Amino acid sequence: MRSSTLQTLGLGSIIEIFQNGKLPVTAGELVDQVFGKAGNRGALVITGANGIVGAGKTMQLGSRLEPFDIPIIALDFPGVPDGIAKQYPGLVKAFGKGNANKVMGNIIKYSYDGKTLPKALASHNPKFLLEAIPEILEIKKDHYKAFRESFPDIDIWSVTSGFPSSQLGVGIAHPAFPHEVNKIWEIVESTPSSSSKLLWALGLIPMQVSDNWAFVLDVFFCGLTGAAARFNETTNMPYWKIDKYIRKYFGPNPFRAHDAIGAAGANFLTWSCLHHLGQHYGELFTPSDNMNEKKESGSNWYPLDHFRPMVDWSMNEEETAEFDAWILGPLFQMTSLMLHENRSHLSQMNLIGELCAQFRKGVLALIRHYGADAARKIVSDYHKLQPEAAKNAWYPKEFDKIGSPEWQQLYVNAEHDGKVGVISINRESYNHDVNAELNRAIDYLKSAGIENVIITGDFHISTQMVGADTTDFFPAIEDANKGIELSKAWSATARRLHTDFKNSVGFINGKRCLGGFLELMVHCHYLVAEENAALGMPEVTLPVIPGMEGCHWPFRKMQAGNYQNLLKLILSGKSVKAKDAVGWLIDYAGSTEDSIKMALKIASGGDHGIAKRAVNENPISDIPNEIAGLENNEDEILSQARKALLDCIKNSCNATLSDAISIQAKHSGEFMTTKLCKKGVIGSTYTKTWQV
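Residues numbered from 1 in each chain as written. Predicted model: local features only at pLDDT ≥ 70, side-chain atom pairs only at ≥ 80, totals over all residues. Heavy atoms only, no water.

Enquirer: Just checking my understanding: could you explain the packing of aromatic side chains for this structure?
Expert: All chains considered together, the criterion is met by 29 aromatic pairs. Here Trp 394 and Phe 399 contribute two aromatic rings whose centre-to-centre distance is 5.9 Å and whose plane-to-plane angle is 70 degrees, an arrangement assigned as edge-to-face. Like Phe 399, Trp 394 is buried. Relative to Trp 490, the ring of Tyr 430 lies with its centre 5.0 Å away and its plane at 75 degrees, an arrangement referred to as edge-to-face. Here Trp 490 lies in helix α21 (residues 480-499) and Tyr 430 lies in strand β11 (residues 429-430), a separation of 60 residues in the sequence. You'll find Tyr 430 and Trp 490 in the same group, each marked buried. Connected via pairs of aromatic rings, a cluster forms that spans Phe 231, Tyr 245, Tyr 249, Phe 250 and Phe 323. The ring of Trp 301 is capped by Lys 294, whose NZ or CZ atom sits 5.4 Å from the centre of that ring. (Phe/Tyr/Trp six-rings, centres within 6.5 Å; stacked < 30°, edge-to-face > 60°. Buried < 20%, exposed > 50% of the residue type's maximum accessible area, 1.4 Å probe, protein only. Helix = DSSP H or I, 4+ residues; strand = E, 2+ residues; numbered from the N terminus. Lys NZ or Arg CZ within 6 Å of the ring centre and 35° of its normal.)

Enquirer: Please explain the sheet that holds strand β10 (residues 420-425) as it appears in this structure.
Expert: Neighbouring strands of a sheet are bound in pairs by backbone hydrogen bonds; such pairs are parallel or else antiparallel. An order of β9-β10-β12-β14-β16-β19 is seen for the 6 strands of this open sheet, with the pairing classed as mixed. The open sheet has two free edges, formed respectively by β9 (412-416) and β19 (588-590), since each of these has just one partner strand. Strand after strand, the sheet turns through a mean of 20 degrees between neighbouring axes, direction not considered. Pairing of β10 with strand β12 (residues 452-457) involves 6 bridges; the strand directions are parallel. Within the sheet, the bridge partner assigned to Gly 421 lies in β12 and is Val 453. (Pairing = 2+ DSSP bridges. Axes fitted to C-alpha atoms, helices over the stretch in contact; angles between N-to-C directions.)

Enquirer: Before we go on, may I ask you to explain the sheet that holds strand β18 (residues 576-577) in this structure?
Expert: The 3 strands lie next to each other as β15-β17-β18, forming an open sheet whose pairing is mixed. The strands lining the two open edges of the sheet, one partner per strand, are β15 (512-514) and β18. In terms of strand pairing, β15 meets strand β17 (residues 534-536) through 3 bridges, oriented parallel. Residue pairing in the sheet places Arg 512 in a bridge with Ala 534 of β17.

Right, dumping it as structure tokens:
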């Protein structure tokens, strides 16, 4: 339907992975290319290593390169606070004390004066420099010159927050924040290199972007902050209130985020980004007076003694339209600019906003939701408020392309070789957009006469499938019919994986598959998983009733002797390793390569030796009333949630398959309006974000 984002890395299409029976590259072979062969490997140098970015990336790369015996050289000024040591507790939490100590033991710290490199550095044979020093162009250039004079063959990448590669003279690997946990890197290079492919092979998420001022993430997030600051300046609505409305409608908290990161540094970086963008693109980006003040003072947007009034207020229709114009108007205009510049694959551009800037719905998906004409109208309303912004960086015709596959399939892609189709999903949580795109992908394959399909993650942006996007449940909290409609619609899509193909194979290649995504995948005729993938249904912990037939469909595919296993999975909320779920929940688990080969063998009708498990369409009346081994039985809320789940399981199982879809949907939708759900994670989030 469109190109895959994996192709932007020079790693081929998703279907080629299954055709070749293996991943396109391995970490080992790429480590050899970048750092040298085992026994003679060079070092990774990180400069500015004690800063927020440098320390985070020292941990992230150090933990992944330690097994390959690559020294990590952490270089910074003497006397600066030890940012690396602050990362140690998080390293212990993620990897355990023993492995954390191994990582720390492989980090070698050096101090320097910013001009002369330590003489001992040469003994480590530096092969790669990741620069994370302050955002001052001439200082950066002098820095690169010093390294090139000492190590002419060293590869240099900058983590700059704004300068393009053409200005710096080096490649760019711009990491998303928070730096120690977010895996996304925006990469600027002429062609995909072994270094960026190595990031992918190490489990990180490199994304190729064009060489323009600032980056996709910074345009979205700094642009949002700039728009919000200008809205405050115009309307005098307090920063905390603007934050609440932005969180309600779009997802992030721009001002609170700056304070959480550290206002002094974050304010400067945002100002610097907007300042340079303003010089190149005009008033759309030019920092407002209050942004200039925050840059100079380095003060928090929320005062340290901040006290929000107990009396809240809501915007009327006219005020909401003005808010949309000030916030959405510039965001939509900025998006038109990046589309005009071909800054990134559209799926990447959209998901950078979600995964990094915390937009609930990516900006491209939001524009698609509004439609081209309505989006242009919002920008026009913004230009009435800020006429100078209309003079530059506005490309309204870009929205005419909304009907293209690139716009329509932001999250779900489909491809085929004439016999086998592959549907790949690159969003980690299932929502209305994914559901609509999945239906279009199925239609595309069926129109091509494809009867055999593999459904999987995209091997790039989506490293896991975490379940349903619970913000899509918010309308159902006050209206059970909304929840019932959602459950029926998503379940109908899931059933197409069972009814519309001769052979459908769910392939779980990420580190986990939970909740709604697991419910979706079990509708496939066969389910194959990497053996260490975690499978689970955590709905009881939220609590919420599964809405995609998880309370009856998997029971209909297993022997009665395995009901206890599935009941424990659902009622405990705990995950199980794929290799321990073979025979009752899934059909095959093995190494990544073996699982890839098995998925294609099943889909193509090869001799795989795995029986297709039939779905029992008749009522099931022997579901146990209780199971042994459940923990926390004294927890009243958990006990009530378990009872509601068991009621749904028994009622939907004790019905025909044709009736069960409505029965489970009714349980799921009505439960969302209960006090139990409203007191839980979903209800609490709804109250905090929507009751404004």
